[in-house]
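# Breakdown of the fold
Read off the chains here:
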Amino acid sequence: MRIVIFDPDARSDRGGVATTVVRWFHPILGLHPLWGAKMFLVAWWLTGVLLGWFIWQFYKIWRSERRRQALDASSLDQLNALTKALLALQRVLAALYGYPPAIQPHEEGSTDLVRPSVKTLGRWLAALIVIALLVIAFAAATDNAQLLQCVLVVKSYLVGIRVQAFIVGILSGLVFRQYRRQLGNFGRRLGNAVIGDKDGSTAWALQGALAVGLIAIGLFVVRPDLLLYLKSFKFGTVEATFGDQGPLPLRDARLNLREFREKIAVRQYKKFREDFISASSPRGLARRDLSSPTIVDIQQESGEIASLIFEQYVNPVLSSVLCLARAHALNEAIHDPDLSLYSSAWQDFLLQIHRDDRLLTSSLLKTFLISLPRKSAPFIKRVRDAYPECKEDLPAIEPAYSRTLINTIAADQVALLYKNALDKQQKVNKASVRSLRIFDPYLTGAAADLVALISGEGEKADFLLNILSDFDPSDDDITPGIINLHYQVTDSWLNSIGSLPLDLVRSQIEYAIHGVDVLMARSGSRLDEIEKRASADSQERKTPEQVTEEEKQRKKDAKNMSTIYGIFLRNSFATLTAEVDVYVRHILADEKIPEGHRQSWVKAASRLQAMLQARLNLPVANIDGLFTVELNARMKAHLHEDEGLDLQSDIKIDPDFLLQADLAIALTSILLPDRNRVSVQNCTAALFYVNEASASVQPTIEVNELDKAQEHHLRQLIRTVANRVGDTCSWTDAGSQAKLSEAKTK
């Protein structure tokens with residue numbers, strides 16, 4: 001991925017002459033981040049001045065040429081006609097502004113005065129009325145947040161500070177060209193007054209004012225954001241106070257989505273084996289083909305351990321929880337004592353092997369696994385008896401001796417595989433690393449989900465943090481499961497009550513983002529190799545029938561790698577959104593963000609916005625403070641997949657991922673600028689993304705089969721974000737209010 005940016009603290013720009021001018025002054029831009037941004041505006045203004053100067057010059061030349069040609073080819077009658085036209089225009093303007101009519105020309109052979117045309121006046125009046133109505137409608141739609149998305153796209157460019165600086169530059173160039181002599185004379189007189197004329201007389205007042213102005217300019221050069229620290233201003237008896245906006249209860253609206261998040265997590269249990277555990281799944285192929293040799297070396301043992309443990313000891317419990325979710329009875333699982341005992345047993349076991357796995361002998365592992373069904377069996381039986389419709393999804397009832405025999409055989413196999421895997425990892429000194437390599441991290445993630453279901457997101461975050469403690473993040477240990485654990489830590493912190501440990505949270509989520517980027521890069525490289533070999537084979541093949549088995553396998557590998565790439569592109573949406581949400585929540589808690597973290601916020605938000613723009617296939621809603629990120633062609637193709645492109649991958653971005661990403665960018669638009677007033681461009685972008693989030697609500701409801709209460713909480717979150725944006729940008733979200741009143745009437 002190539003990030004188009006000239007300075008780490010300034011936005012990138014593609015402005016032709018403006019960009020060239022800024023590159024010349026690039027060493028100066030390093031003085032201050034805001035100074036670099038101001039220099040971009042100066043470059044745009046200077047470009048506009050030059051363009052305005054030449055426009056006026058060309059107009060003067062064109063006008064003089066037209067006048068000369070008209071005079072050369074005209075006759076007395078043509079001059080009279082021209083005079084009549086000019087007098088008619090003067091007469092219309094005089095009538096519009098209420099001035100008395102000028103001298104009216106006479107028609108040839110008539111002594112009556114020519115009266116103004118009623119049709120002309122009617123057309124001018126109708127045009128003015130239409131324009132006024134359009135302006136009023138545009139203003140009303142802006143204040144009530146009801147502009148169409150296409151209008152918001154156009155507005156986001158026209159209200160941008162670059163376009164404004166460019167337009168002001170053009171107008172300045174026109175004025176400078178027209179009044180260049182007068183401005184030059186004024187400048188000379190001003191210089192003589194300040195510096196002194198030929199007689200040596202000077203004006204001390206002007207010199208003092210110039211000195212004050214130079215000092216002010218120097219202060220703004222060193223500290224361009226000086227006015228942001230202005231709290232009050234007093235002049236005589238007039239005093240103005242500038243207050244900061246307090247945080248709104250947006251966190252409460254997010255916490256109300258606990259049931260929605262529980263349903264999303266439980267829904268994954270339906271295909272947990274096929275999507276996360278199976279060796280033939282895309283994630284299993286990624287573990288085998290894209291992991292480091294140290295991971296691949298024990299892939300067979302760890303894969304079989306995960307399959308046996310999941311099938312015999314985890315799947316019956318997850319199927320029971322899924323049954324309760326379908327019956328809208330998850331509260332029974334939350335308060336079930338046997339499920340709590342089962343979850344605690346898994347929690348203690350995973351923490352033990354994380355601290356010192358050498359104490360875990362094969363016999364102890366076998367004893368633990370055999371004891372698990374006794375803890376979970378009462379819970380499974382209660383679910384089966386209370387909800388007979390779930391019997392097909394739950395394991396069949398078998399005699400006690402048969403059940404014990406099956407569990408004992410599975411425990412023996414797991415213990416043997418564990419011993420072999422541990423022998424291969426003797427060179428690894430840390431138990432925390434060995435345990436996460438041998439026992440699939442997705443099993444740890446499933447146990448963590450049960451902890452969150454029973455005890456809450458805070459307990460889940462603490463459990464995962466203990467699991468990941470003393471784990472040295474490196475590229476050798478990047479696997480889909482490890483990425484998932486680091487993401488879940490951040491997600492649990494975001495959805496729990498209390499202050500976020502910013503440094504710790506950033507380290508977790510940035511490792512997840514880095515892991516996603518690494519696996520995307522590896523799968524992309526493999527795809528490039530496969531495509532090159534396929535291209536070479538197609539050139540050597542004489543007829544289409546000469547397709548070898550190797551080419552068929554290569555086509556299958558290309559499809560698998562494309563699916564893997566799509567999965568981690570989807571994960572990139574989730575991880576980037578989580579990092580942006582970390583900083584958004586920190587700001588909403590009225591806490592300061594250090595400059596280093598602010599740069600991480602800008603980087604993550606810029607990437608996320610670029611992906612959202614690529615998905616829409618529109619260069620929309622630019623945001624002040626974010627730089628431009630160039631996505632590669634493969635990423636753009638996968639992001640456009642929802643638009644009907646024929647790709648080998650069938651992975652799509654979940655609508656709830658898009659909804660959360662849109663809300664994160666909308667809040668970033670108004671919270672990222674470190675000042676009291678947000679630019680019109682950022683307000684327009686925020687409104688655009690709030691509208692996009694609203695459009696994702698119905699697909700989210702349909703895909704996740706949300707009930708009315710969960711739907712209400714989801715819409716409440718969007719209304720809260722819209723109100724937060726509206727309070728900042730001084731408009732009201734009439735669309736949300738209408739939906740709210742409609743919901744009440746139902």
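Described in the following lines is the structure provided in the data block.

What counts and how
Residues numbered from 1 in each chain as written. Predicted model: local features only at pLDDT ≥ 70, side-chain atom pairs only at ≥ 80, totals over all residues. Heavy atoms only, no water. Helix = DSSP H or I, 4+ residues; strand = E, 2+ residues; numbered from the N terminus. Buried < 20%, exposed > 50% of the residue type's maximum accessible area, 1.4 Å probe, protein only. Contact = heavy atoms within 4.5 Å. Areas by Shrake-Rupley, 256 points an atom, 1.4 Å probe, with all protein chains shown as cover. Lys, Arg positive; Asp, Glu negative; His and termini not counted. Salt bridge = Lys/Arg side-chain N within 4 Å of Asp/Glu carboxyl O. Disulfide = S-S within 2.5 Å. Expected span 1.5 Å × (residues − 1). Axes fitted to C-alpha atoms, helices over the stretch in contact; angles between N-to-C directions. Parallel < 35°, antiparallel > 145°, perpendicular 65-115°, else oblique. Nonpolar A, V, L, I, M, F, W, Y, C, P; charged D, E, K, R; others polar. Core = buried A, V, L, I, M, F, W, Y, C linked by side-chain atoms within 4.5 Å. Patch = residues over 30% accessible without salt bridge, like charges linked within 9 Å, V, L, I, M, F, W, Y side chains within 5 Å. Phe/Tyr/Trp six-rings, centres within 6.5 Å; stacked < 30°, edge-to-face > 60°. Bend = angle between axes of the 7 residues up to and from the residue.

Turning our attention to the overall build of the protein. When helices and strands are counted, the protein shows 32 helices and four strands. The proportion of buried residues among the 746 residues of the protein is 45%. Taking the intrachain contacts of the protein between residues at least 6 apart in sequence as the baseline, contacts between residues at least 24 apart amount to 75%. Accessible area for the protein stands at about 39,700 Å²; split by element, carbon and sulfur atoms hold 59% of it.

Let us now look at the side chain of Asp 662. In this structure, Asp 662 sits in helix α28 (residues 655–671). There is no salt bridge for the buried Asp 662, and the closest opposite charge comes from Arg 615, which lies 4.9 Å off by N-O distance. Ignoring anything within four residues of it in the chain, the contact list for Asp 662 reads Leu 612, Tyr 689, Glu 692, Ala 693 and Ser 696.

Right, let's get into the state of the cysteines. Overall, the coordinates contain one disulfide when judged by the stated rule. In this model, Cys 683 is linked to Cys 729 through a disulfide, with the two sulfur atoms separated by 2.0 Å. Torsion about the S-S bond of the Cys 683 and Cys 729 cystine: about -90°, corresponding to left-handed handedness. In this pair, Cys 683 is assigned in helix α29 (residues 680–695) and Cys 729 in helix α31 (residues 708–729), connecting sequence segments 46 residues apart. For the pair Cys 683 and Cys 729, one class covers both residues: buried.

Once that is clear, we can look at helix α23 (residues 480–494). Residues lying three or four places apart along an α-helix face the same way, a consequence of the helix completing one turn every 3.6 residues. Relative to the 21 Å expected for 15 residues at 1.5 Å per residue, α23 spans 21 Å between its end C-alpha atoms, a close match to the ideal helical length. With 14 of 15 residues buried, α23 lies mostly within the body of the structure.

Here we take up the packing of helix α17 (residues 337–355) against helix α20 (residues 431–438). Two numbers describe how α17 lies on α20: the axes approach to 6 Å, and their chain directions differ by 130°. Overall, the two elements α17 and α20 adopt an arrangement that is oblique. Across from Ile 353, His 354 and Arg 355 in α17, the residues of α20 making contact are Ala 431, Ser 432 and Ser 435. Within the contact of α17 with α20, the residues separate by chemical class into two nonpolar, three polar and one charged.

The next subject is the nonpolar core. Counting residues in hydrophobic clusters, the biggest one holds 157 residues, and the most contacted among them are Ile 309, Trp 346 and Trp 601. Of the residues forming this core, the biggest block, 16 residues, is contributed by helix α25 (residues 549–588). Discounting residues that sit within four places of it in the chain, Trp 601 has contacts with Val 580, Tyr 583, Val 584, Ile 587, Ile 593, Thr 668, Leu 671 and Leu 672.

A cluster of nonpolar residues, Leu 50, Trp 53, Phe 54, Phe 58, Ile 61, Val 175, Phe 176, Tyr 179 and Leu 183, forms a patch on the protein surface that exposes about 870 Å² of accessible area. At the level of secondary structure, the elements contributing two or more residues to the nonpolar patch comprise α3 (33–73) and α7 (161–178). Structurally, the position occupied by Tyr 179 is in the loop between α7 and α8 (180–195).

Counting across every chain of the model gives eleven aromatic pairs. Judged by centre distance (5.4 Å) and plane angle (15°), the ring pair of Phe 272 and Phe 310 falls under stacked. Placement of Phe 272 in helix α12 (residues 272–277) and of Phe 310 in helix α15 (residues 299–326) is noted, with a sequence separation of 38 residues between them. Of the two residues, Phe 272 and Phe 310, neither departs from the other in class, the shared state being buried. Through a chain of ring-to-ring contacts, the aromatic side chains of Trp 346, Phe 349, Phe 368, Tyr 418 and Phe 439 assemble into a single cluster.

With 25 residues, helix α18 (residues 362–386) ought to run about 36 Å at 1.5 Å a step, and its terminal C-alpha atoms sit 37 Å apart, in line with that. Taking the largest bend as the criterion, α18 deviates by roughly 40°, centred on Ser 376, and proline Pro 378 comes between one and four positions later. Within the span of α18, buried status applies to Leu 365, Phe 368, Leu 369, Ser 371, Leu 372, Pro 373, Ser 376, Phe 379, Ile 380, Val 383 and Arg 384.

Our focus in this paragraph is the environment of Ser 307. Following the sequence through the fold, Ser 307 ends up in helix α15. Separated by 29 residues in the primary sequence, Ser 307 and Ser 278 place their C-alpha atoms 7.0 Å from one another.

This next bit is on unusual backbone geometry. Located in the positive-phi region is His 328, a residue other than glycine, with phi close to 55°. Looking at where His 328 falls in the secondary structure, it is placed in the loop between α15 and α16 (330–334). Its identity is not glycine, yet Glu 705 carries a phi of approximately 55°, on the positive side. Mapped onto the elements of the fold, Glu 705 is located in the loop between α30 (697–704) and α31.

With that settled, the discussion passes to the pattern of salt bridges. By the definition in use, this model includes 20 salt bridges. One salt bridge connects Glu 531 with Arg 634, and the closest N-O pair in it is separated by 3.4 Å. With a gap of 103 residues between them, Glu 531 in helix α24 (residues 502–540) and Arg 634 in helix α27 (residues 633–639) connect regions that are remote in the sequence. By relative accessible area, Glu 531 is classed as partly exposed at 43%. Assessed through its relative accessible area of 21%, Arg 634 is described here as partly exposed. The partner of Asp 654 in a salt bridge is Arg 570, with the nearest N and O atoms 2.6 Å apart. Of this pair, Asp 654 sits in the loop between α27 and α28 while Arg 570 is found in helix α25, placing the two residues 84 residues apart along the sequence. Taken as a pair, Asp 654 and Arg 570 share a single burial class, namely buried.

Without other data, these values stay purely geometric and don't point to any function.
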